Amino acid sequence: KLASNENPLGPSKKVLAAVAQAAGDIARYPDSNAYQLKQVLAERLAVSPQQLTLGNGSNDVLELLARTFLEPGKSAVLSQHAFIVYAMAVQACGARPIVTAAKARGHDLDAMLAAIEADTRLLFIANPNNPTGTFIARDALLDFLDQVPDRVIVVLDEAYIEYSDGDDFPDGVALLSRYPNLVVTRTFSKAWGLAALRVGYSVASEAITDLLNRVRAPFNVNALGLAAAVAVLGDEAYLEAGRQLNREGMQQLETGFAAMGLSWIPSRGNFLAVQMPAEAMTVYQQLLAEGVIVRPIGIYQMEQHLRVSIGLAEENRVFLNALKKVLNR
């Protein structure tokens, strides 16, 4: 299963122990304010706990942002090929999504600036972007943020930031003091290996966070998820093992694609979008028959691409062999 950008390592042993202990108290409601997790996160990120909003995955936080700041008669700017939840959240609020054309499969920041209208209240950026894996360098992001009107809240989705390294990659949380209209969203579902437990969060100014927490439903993060998130934040070895596995797996898939003469989009996430020589949905169905699940991304206007999550070395090998077979390469 290489379809959902999950951590192929499985959960941290510290997480399993914490969940087992927390399970004895599941007849009680979880801490609605997530005090312990906020304290640990705040210390790790060097922010105040009053700057944190917890969600049932970062999707929940994205929807909170839309519900807080959008309504009929308002608009939000987003990019072609960007995470589909942005448009869904905007439309669910009766607001109008303004979608700008992608540039080299990534965000065209100049086009996004030009698309801002008088009724625009939110602007969504994914860095790295899902499903393309493209990213925005630090200097380009700073130049962009300098030009966004203060009345527009920029939502910087960093769901895959733990897989991104290099001096050119920006850390959104470090920019919050400079840009009060910036909101950074992150998740425990990817590098931290908690996809099933649904824990995400945003970091923003205390003013924005106060508004989000007025809209947020109580108990939106379950007790097992809270315990697991606290535990995994104390397991740096697990995080680094996942990063190393991702680097090696990325190289394994790129080498395999090159041997088959396939093109792919360089990625800063834990997945690759690879271009098929034929209609990708057909290849997807053929791979499914071979016991391999990947993600067709025609819904993102990328009908010839498949998105493939980085798996364990053996999973990557099985996928590459299956792809070679169905493409007759």
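This text goes with the structure placed above it.
Residues numbered from 1 in each chain as written. Predicted model: local features only at pLDDT ≥ 70, side-chain atom pairs only at ≥ 80, totals over all residues. Heavy atoms only, no water.

1. Focus on helix α2 (residues 35-45)
- Of all the residues in α2, the buried ones are Leu 37, Lys 38, Leu 41, Ala 42 and Leu 45. End-on view of α2: buried residues confined to an arc of 130°, all on one side of the axis. Set apart from the buried face of α2 by more than 90 degrees, the exposed residues are Tyr 35, Gln 36 and Glu 43.
- On its buried side, α2 packs onto β1 (52-55), β6 (182-187), β7 (200-203), α7 (206-215) and α8 (223-232). (Buried < 20%, exposed > 50% of the residue type's maximum accessible area, 1.4 Å probe, protein only. Helix = DSSP H or I, 4+ residues; strand = E, 2+ residues; numbered from the N terminus. Arc of directions from axis to C-beta. Contact = heavy atoms within 4.5 Å.)

2. Notes on helix α11 (residues 313-327)
- Taking 1.5 Å as the rise per residue, α11 with 15 residues should run 21 Å; its terminal C-alpha atoms sit 21 Å apart, in good agreement.
- All of the buried residues along α11 are Asn 316, Phe 319, Leu 320, Ala 322, Leu 323, Val 326 and Leu 327. For α11, the angular spread of the buried residues around the axis is 165°, confining them to a single face.
- Those residues of α11 that are buried lie in contact with α9 (236-259), α10 (280-289) and β11 (305-309).
- Remark: Asn 328 follows α11 within two positions and exhibits a positive phi of approximately 55°. (Expected span 1.5 Å × (residues − 1).)

3. Description of the sheet that holds strand β10 (residues 295-296)
- Pairing in this open sheet of four strands is antiparallel, and the strands run β8-β9-β11-β10 from one edge to the other. Only two strands of the sheet have a single partner each, and these edge strands are β8 (264-265) and β10.
- Direction of pairing for β8 relative to strand β9 (residues 271-275): antiparallel, over a ladder of two bridges. Counted as the bridge partner of Trp 264 is Val 274 from β9.
- The sheet strands contacting α10 are β10 and β11, and the helix crosses β11 at an angle near 40°. (Pairing = 2+ DSSP bridges. Axes fitted to C-alpha atoms, helices over the stretch in contact; angles between N-to-C directions.)

4. Concerning the packing of helix α1 (residues 13-22) against α8
- Where α1 contacts α8, the axes come no closer than 8 Å and their chain directions differ by 145°. Crossing hand, α1 versus α8: right-handed. Of the residues in α8, those in contact with Lys 14, Val 15, Ala 18, Val 19 and Ala 22 of α1 are Leu 224, Ala 227, Ala 228, Ala 231 and Val 232.
- Taken together, the residues of the contact of α1 with α8 break down into nine nonpolar, no polar and one charged. (Left-handed = near helix turned anticlockwise from the far one by under 90°. Nonpolar A, V, L, I, M, F, W, Y, C, P; charged D, E, K, R; others polar.)

5. Let's talk about the sheet that holds strand β4 (residues 120-126)
- Reading across from one edge, β1-β7-β6-β5-β4-β2-β3 is the order of the seven strands in this open sheet, with mixed pairing throughout. Two strands bound the open sheet, and with one partner strand each, they are β1 and β3 (96-100). Pairs of neighbouring strands in the sheet enclose a mean axial angle of 20°, with direction left out of account.
- Relative to strand β5 (residues 153-157), β4 runs parallel, the two sharing five bridges. For Ile 125, the partnering residue across the bridge sits in β5 and is Leu 156.
- Of the strands in this sheet, β1, β6 and β7 are in contact with α2, which crosses β1 at around 125°.
- On the sheet, α7 packs against β1, β5, β6 and β7 and is oriented at approximately 30° with respect to β1.

6. Quick notes on the packing of aromatic side chains
- Applying the stated rule across the entire model yields nine aromatic pairs.
- Between Phe 83 and Tyr 86 the ring centres are 5.7 Å apart and the planes differ by 90°, which places this aromatic pair in the edge-to-face class.
- A connected cluster of aromatic rings, assembled from ring pairs, spans Phe 83, Tyr 86 and Phe 124.
- Against the face of Phe 135 rests Arg 268, its NZ or CZ located 3.9 Å from the ring centre. (Phe/Tyr/Trp six-rings, centres within 6.5 Å; stacked < 30°, edge-to-face > 60°. Lys NZ or Arg CZ within 6 Å of the ring centre and 35° of its normal.)

7. Here's the deal with the pattern of salt bridges
- In total, this model carries 14 salt bridges according to the counting rule given.
- Between Glu 236 and Arg 44 there is a salt bridge; the shortest N-O distance is 2.5 Å. Remark: Arg 44 occurs in helix α2 and Glu 236 occurs in helix α9; sequence separation between them is 192 residues.
- The partly exposed category is assigned to Glu 236, whose relative accessible area is 40%.
- Overall, Arg 44 belongs to the partly exposed group, its relative accessible area being 37%.
- Between Lys 325 and Glu 290 there is a salt bridge whose closest N-O contact spans 3.2 Å. Residue Lys 325 is located in helix α11, and its partner Glu 290 is located in the loop between α10 and β10; the two are separated by 35 residues in the primary sequence. (Salt bridge = Lys/Arg side-chain N within 4 Å of Asp/Glu carboxyl O.)

8. Comments concerning the pairing of β1
- The alternating pattern of β1 places Leu 52 and Leu 54 and Thr 53 and Gly 55 on opposite faces, both of which are buried.
- Relative to β7, β1 is paired through four bridges, and the arrangement is antiparallel. Along β7, the bridge assignment pairs Gly 55 with Gly 200.

9. What about the nonpolar core?
- Leu 37, Leu 123, Ile 125, Phe 144, Leu 182 and Phe 188 are the most contacted members of the largest nonpolar core, which has 55 residues in total.
- Top element by residues in this core is α8. It accounts for five residues.
- Every residue in contact with Ile 125, bar those within four places of it in the chain, is listed here: Tyr 86, His 107, Leu 109, Met 112, Ile 136, Leu 141, Phe 144, Val 154, Val 155, Leu 156 and Asp 157.
- Within the second largest apolar cluster, 32 residues are counted, among which are Ala 66, Ala 82, Phe 124 and Ile 153. (Core = buried A, V, L, I, M, F, W, Y, C linked by side-chain atoms within 4.5 Å.)

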